[in-house]
Amino acid sequence: MIFGFTEAQISGFFLTYGIGAFIVFMLFIIGHLAWESKAGRFGAFVLFLGLGVGFTGFLAKIVIQWWLER
C-alpha cells in the first residue's frame, strides 16, 4: 500500500488518466510539428492521421470496456 492505495488502484488511475494526459500532450506535439513545418491543412491532417492512429486503439479499448460493463 502506498499512501493508502493499493497497487491495482494506482495502476488503474494512471492507465486511464496518465495515458490520457500523455495522448493530449502528444496531440500538442503533432500540432506543433505541423505548425513549424508549415504543412497546411492537408499536411496537418496527414500528420494527425499517421501519427495519431495509435491513440484510437486506446480510446476504443475504453469505449468497449464501458459498453461491456454497462
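Scroll up to find the structure this text is about.
Keep in mind the model is a prediction, meaning the values are calculated, not measured. (Residues numbered from 1 in each chain as written. Predicted model: local features only at pLDDT ≥ 70, side-chain atom pairs only at ≥ 80, totals over all residues. Heavy atoms only, no water.)

Packed helices, taken two at a time, are described by the angle their axes make and the gap between the axes. Put simply, helix α1 (residues 7-36) and helix α2 (residues 40-69) touch, their axes get as near as 9 Å, and they point 170° apart. On the basis of their axis angle, the class for α1 and α2 is roughly antiparallel. Facing α1, whose interface residues are Leu 15, Thr 16, Ile 19, Gly 20, Ile 23, Met 26, Leu 27, Ile 30, Gly 31, Leu 33 and Ala 34, α2 presents Ala 44, Leu 47, Phe 48, Leu 51, Gly 52, Phe 55 and Phe 58. Residues belonging to the contact of α1 with α2 are distributed by class as follows: 14 nonpolar, four polar and no charged. (Axes fitted to C-alpha atoms, helices over the stretch in contact; angles between N-to-C directions. Helix = DSSP H or I, 4+ residues; strand = E, 2+ residues; numbered from the N terminus. Parallel < 35°, antiparallel > 145°, perpendicular 65-115°, else oblique. Contact = heavy atoms within 4.5 Å. Nonpolar A, V, L, I, M, F, W, Y, C, P; charged D, E, K, R; others polar.)

This part is about α1. Across its 30 residues, α1 extends 41 Å between first and last C-alpha, which sits within 8% of the 44 Å expected from 1.5 Å per residue. Along α1, the largest kink reaches about 30° and is centred on Phe 14. Residues Ile 23, Ile 30 and Ala 34 constitute the buried set of α1. Where α1 is buried, its residues contact α2. One or two residues past the end of α1 sits Lys 38, with phi positive at roughly 50°. (Expected span 1.5 Å × (residues − 1). Bend = angle between axes of the 7 residues up to and from the residue. Buried < 20%, exposed > 50% of the residue type's maximum accessible area, 1.4 Å probe, protein only.)

Functional significance is not addressed by these values, which are geometric in nature.
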